Amino acid sequence: MLLNLRGERVYIGGAASISFLQIVRNLVSQQIGPSAFSHNEKSDTMLEIESPTATGPGAEINATRLNQEQKQMYLRSYHAVTEALIHVFDASELESLLISDEDTNSFTSTALPPLKQASVDLAIAIGAQCESLSSSRTIGQAYFRKARSRAFEGFLEDPDIDMVRTFLLMAFYMLGECRRNAAFMYLGVAAKAALALGLHSRESYAAKPGLADQSR
């Protein structure tokens, strides 16, 4: 058990790398006694970043000014950091979704369904998060807030592929922000939605080689 930002104890499990660190600290303490390595004021505290809050419309205004070239740059960063880790978009699909989003030319566009729009925004947010510290604090956070708002529009009542994709990307973004607890909760939503859709079973898609089944 470790302390989060608010001083509440949270369970970290027995297999996490941070659990191994605690085991090493206990062994060192047993062998040589208390030391700066095994006992210090931060040894029982998780490394978590406080959730940023929007202080004004500045970040959203900056996000509206993204042109197609800038979005493509962030998408390249997204592909670079997610490659071999998660694969929720085909490159051609993401390109077509980005074009659909661009056709409306508005930060508050509703041309795409909310969850599909959220997944595009999250791809841009992850790319901006990894591009630079400045873009992470402005573009990344603005697009994540917009995507999060869209993700909960339907109150999770109708799970579909886009819900799985959106919450998986939200979890990935939160891990990059050092917000483990939020990431695990979003990952849990994605996992439960996937179970509800039967994605764990080949029977739900193997017999019907259509476009929707390929997405599954």
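These numbers come from a predicted model, not from an experiment. (Residues numbered from 1 in each chain as written. Predicted model: local features only at pLDDT ≥ 70, side-chain atom pairs only at ≥ 80, totals over all residues. Heavy atoms only, no water.)

> A description of the environment of Phe167 should follow, citing residues and the corresponding values.
Positionally, Phe167 belongs in helix 7 (residues 161-176). Residue Phe167 is classed as buried on the basis of its relative accessible area, which comes to 0%. Between the C-alpha atoms of Phe167 and Ala151, which are 16 residues apart in sequence, the distance is 7.8 Å. Ignoring sequence-local partners within four residues, the contact set of Phe167 consists of Ala151, Phe152, Leu156, Tyr186, Leu187, Val189 and Ala190. (Helix = DSSP H or I, 4+ residues; strand = E, 2+ residues; numbered from the N terminus. Buried < 20%, exposed > 50% of the residue type's maximum accessible area, 1.4 Å probe, protein only. Contact = heavy atoms within 4.5 Å.)

> Let's hear about the side chain of Gln72: which residues, and what values?
Its place among the elements puts Gln72 in helix 3 (residues 68-82). Owing to a relative accessible area of 18%, Gln72 belongs among the buried residues under this scheme. Residues within four places of Gln72 in sequence aside, it is in contact with Glu95 and Leu98.

> Account for the packing of aromatic side chains, with residues named and values stated.
One pass over the full model with this rule turns up 4 aromatic pairs. Aromatic pair Phe152 and Phe167: ring centres 5.5 Å apart, planes at 90 degrees, arrangement edge-to-face. With a gap of 15 residues between them, Phe152 in the loop between helix 6 (133-151) and helix 7 and Phe167 in helix 7 connect regions that are remote in the sequence. By the ring-pair criterion, three or more aromatic residues cluster together here, those being Phe152, Phe167 and Tyr186. (Phe/Tyr/Trp six-rings, centres within 6.5 Å; stacked < 30°, edge-to-face > 60°.)

> Tell me what's going on with helix 6, and back it up with residues and numbers.
Spanning 19 residues, helix 6 covers 25 Å between terminal C-alpha atoms, matching the ideal 27 Å at 1.5 Å per step. When the local axis directions of helix 6 are compared, the greatest deviation, roughly 30 degrees, occurs at Gly140. (Expected span 1.5 Å × (residues − 1). Bend = angle between axes of the 7 residues up to and from the residue.)

> Give me the packing of helix 5 (residues 114-131) against helix 6: which residues, what numbers.
Look at helix 5 against helix 6: their axes get within 8 Å of each other, and the N-to-C directions meet at 160 degrees. With respect to helix 6, the axis of helix 5 lies roughly antiparallel. Crossing geometry of helix 5 relative to helix 6 is assigned as left-handed. Where helix 5 abuts helix 6, its residues Pro114, Leu115, Gln117, Ala118, Asp121, Leu122, Ile124, Ala125, Ala128, Gln129 and Glu131 lie against Ser135, Ser136, Ile139, Gly140, Tyr143, Phe144, Lys146, Ala147, Arg150 and Ala151. In terms of residue class, the contact of helix 5 with helix 6 is made up of 12 nonpolar, 5 polar and 4 charged. (Axes fitted to C-alpha atoms, helices over the stretch in contact; angles between N-to-C directions. Parallel < 35°, antiparallel > 145°, perpendicular 65-115°, else oblique. Left-handed = near helix turned anticlockwise from the far one by under 90°. Nonpolar A, V, L, I, M, F, W, Y, C, P; charged D, E, K, R; others polar.)

> Which residues make up the pattern of salt bridges, and what values do they have?
Taken as a whole, this structure holds 5 salt bridges when the rule is applied. Across the salt bridge formed by Lys116 and Asp162, the nearest N and O atoms sit 3.2 Å from each other. Placement of Lys116 in helix 5 and of Asp162 in helix 7 is noted, with a sequence separation of 46 residues between them. The pair Lys116 / Asp162 is uniform in exposure class, with both members buried. Lys146 is the partner of Asp121 in a salt bridge, and the nearest nitrogen-oxygen pair spans 2.5 Å. Placement of the pair is Asp121 in helix 5 and Lys146 in helix 6, with a sequence separation of 25 residues. Since its relative accessible area comes to 0%, Asp121 is described here as buried. In this structure Lys146 comes out as buried when scored by relative accessible area, which is 12%. (Salt bridge = Lys/Arg side-chain N within 4 Å of Asp/Glu carboxyl O.)

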